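Secondary and tertiary structure notes
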Amino acid sequence: MSSAKHPVIVAGAGPVGMVAAASLVRQGIPVLVLEKSGDLSRESRASTFHPPTLDMLDDLGFAQALIAQGLKAPTVQYSSTADGLLGTFDFSAISDLTRHPFRLQAEQFKLTRIVLEALRDNPLFAIEFECEVTGIAQTADGVKMTATQAGLEVVFECDWLIGADGANSIVRRAQDIPFEGFTWPERFLVMTTPVDFTALRPGVSSVSYVADPERWHFLLRIIGAWRVMMPVPNDMSDETALSPAYVEESIRRVVPPQIDAAIQHTTLYRVHQRVATSFQKGRTFLVGDAAHINNPLGGMGMNGGIHDALNLTGKLGPVINGSADASLLADYDLQRRTVTMQAIQGDTIRNKRNLEAKDEADRARFRDEIRAAAADGEKGRQLLRRIAMLDSLARAASLHAA
Ligand SMILES: Cc1cc2nc3c(=O)[nH]c(=O)nc-3n(C[C@H](O)[C@H](O)[C@H](O)COP(=O)(O)OP(=O)(O)OC[C@H]3O[C@@H](n4cnc5c(N)ncnc54)[C@H](O)[C@@H]3O)c2cc1C
């Protein structure tokens with residue numbers, strides 16, 4: 001590791017930090033990434049890339065490799081246990097707005113590996129694994145960071161620090177930036193199974209939301225398997241929720257008893273809706289989960305984080321290269337925090353409330369809204385623009401601090 005002052009350090013080598021690093025390197029800016037783990041994560045987490053995110057990754061040269069490792073989902077479907085199919089929406093209806101009119105189902109760990117492979121030999125890029133950032137101090141012209149590496153304390157200095165260090169971000173906590181919001185009382189159980197839902201439910205989309213007042217579910221197809229997500233009752237222990245008996249009872253809600261329902265993997269996780277009160281503090285920035293976390297209904301967490309990374313680096317690059325004034329950076333917080341609050345938090349909370357609605361009036365409102373969008377081309381396009389996150393990107397681009 002170097003004791004020289006770095007133009008940019010990125011804390012965290014998740015999908016958001018790696019995309020931020022790639023975007024800066026592409027602009028000729030040297031970047032050092034510090035990652036506390038010994039390797040890139042293999043965790044089973046996000047697996048949806050929305051159309052504009054694919055357009056952005058294409059501009060960086062990563063989309064084709066990712067598409068080759070993923071599954072294209074051309075449609076999204078909404079149903080309810082009471083009313084059956086409510087609507088199926090085909091992304092080809094917005095093919096004038098994106099070069100990738102489909103959702104791509106590919107695990108996030110595939111993207112981080114594609115990016116690292118592309119950057120590995122680039123002299124502008126460096127990454128330190130097993131290097132955990134532990135503290136941050138800002139001076140007028142830079143940021144000083146402490147980190148632990150191989151049991152030793154090391155110090156790094158940079159002009160600009162990008163905190164892409166996830167929900168528990170030290171970049172955020174060390175600077176006392178509040179992470180406001182709430183935690184849902186229930187947890188979500190995700191079961192990965194090779195069961196063929198296309199045979200069980202003819203016409204099912206690779207992305208299917210099913211509303212139910214007792215136990216809604218969400219089906220998401222990835223290569224060779226489906227993920228089935230359901231809420232777990234608030235008073236159930238984690239141990240019981242992950243027990244073979246409860247997992248079997250849960251999968252049997254969507255798979256009949258005569259079909260073998262092998263479970264390859266289960267994840268149980270607590271779901272939060274939180275946003276940092278500021279995405280910039282002096283020479284440090286928050287991106288991705290460090291800046292905001294939300295429930296996964298709509299697949300907006302990682303996608304929103306990648307949008308943060310490219311919004312920020314699209315401003316920071318020109319500032320570092322001398323073609324833009326540092327005042328431009330104020331737009332990052334304004335643009336991304338505004339749409340995070342309005343679109344990402346608003347949409348994911350609404351998605352959850354629609355699926356779990358118990359009140360007949362709420363159920364009817366959701367049913368009528370989806371049916372109306374399915375029956376009317378322009379309303380269908382509006383829904384697709386919103387769920388594909390095109391609207392939030394357009395709204396962000398329209399906001400300017402000065
Ligand atoms: C089950 C599940 C399903 C999901 N599905 C979707 C989906 O379909 N679509 C979607 O868009 N989002 C989804 N999400 C959310 C998505 O996984 C996150 O939004 C995404 O991982 C955020 O990426 P990130 O790079 O900001 O943070 P992370 O992926 O958390 O990466 C942060 C990195 O920083 C490192 N780090 C942490 N602290 C330090 C430190 N002090 N020093 C150095 N390094 C550090 C970590 O080791 C990690 O590598 C899902 C999440 C879960 C849990």
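In short, a report on the structure. (Residues numbered from 1 in each chain as written. Predicted model: local features only at pLDDT ≥ 70, side-chain atom pairs only at ≥ 80, totals over all residues.)

1. Details of the pairing of strand E1 (residues 5-11)
Two faces belong to every sheet, and in a regular strand the side chains alternate between them. Along E1, five of the seven residues are buried, which leaves the element largely enclosed by surrounding structure. Here E1 runs beside strand E11 (residues 152-163); their pairing, made up of six bridges, is parallel. Following the sheet pairing, Val-8 is matched in E11 by Trp-160. Bridge count between E1 and strand E2 (residues 31-34): four bridges; the pairing is parallel. For Val-10, the partnering residue across the bridge sits in E2 and is Val-33. Chirality of the crossover, the property in question, places the unit of E1, helix H1 (residues 15-26) and E2 among those that are right-handed. (Buried ≥ 20, exposed ≤ 12 C-beta atoms within 10 Å, placed from the backbone. Helix = DSSP H or I, 4+ residues; strand = E, 2+ residues; numbered from the N terminus. Pairing = 2+ DSSP bridges. Right-handed = clockwise from strand over helix to strand, strands pointing away.)

2. A short note on the sheet that holds strand E7 (residues 103-105)
Taken in spatial order, the three strands of this open sheet run E3-E7-E4, and their pairing is antiparallel. Each edge of the open sheet carries a strand with a single partner, namely strand E3 (48-49) and strand E4 (71-73). Pairing of E3 with E7, which is carried by two bridges, proceeds in the antiparallel orientation. Bridge pairing in E7 links Phe-49 to Leu-104.

3. Comments concerning the packing of H1 against helix H9 (residues 301-321)
Between H1 and H9, the shortest axis-to-axis distance is 9 Å and the interhelical angle comes to 25°. Taken as axis vectors, H1 and H9 run roughly parallel relative to one another. H9 is crossed by H1, and the crossing has right-handed handedness. When H1 is examined against H9, the residues Pro-15, Val-16, Val-19, Ala-20, Ser-23 and Leu-24 are found in contact with a partner set consisting of Met-302, Gly-305, Ile-306, Asp-308, Ala-309, Leu-310, Leu-312, Thr-313 and Gly-317. (Axes fitted to C-alpha atoms, helices over the stretch in contact; angles between N-to-C directions. Parallel < 35°, antiparallel > 145°, perpendicular 65-115°, else oblique. Left-handed = near helix turned anticlockwise from the far one by under 90°. Contact = placed C-beta atoms within 7 Å.)

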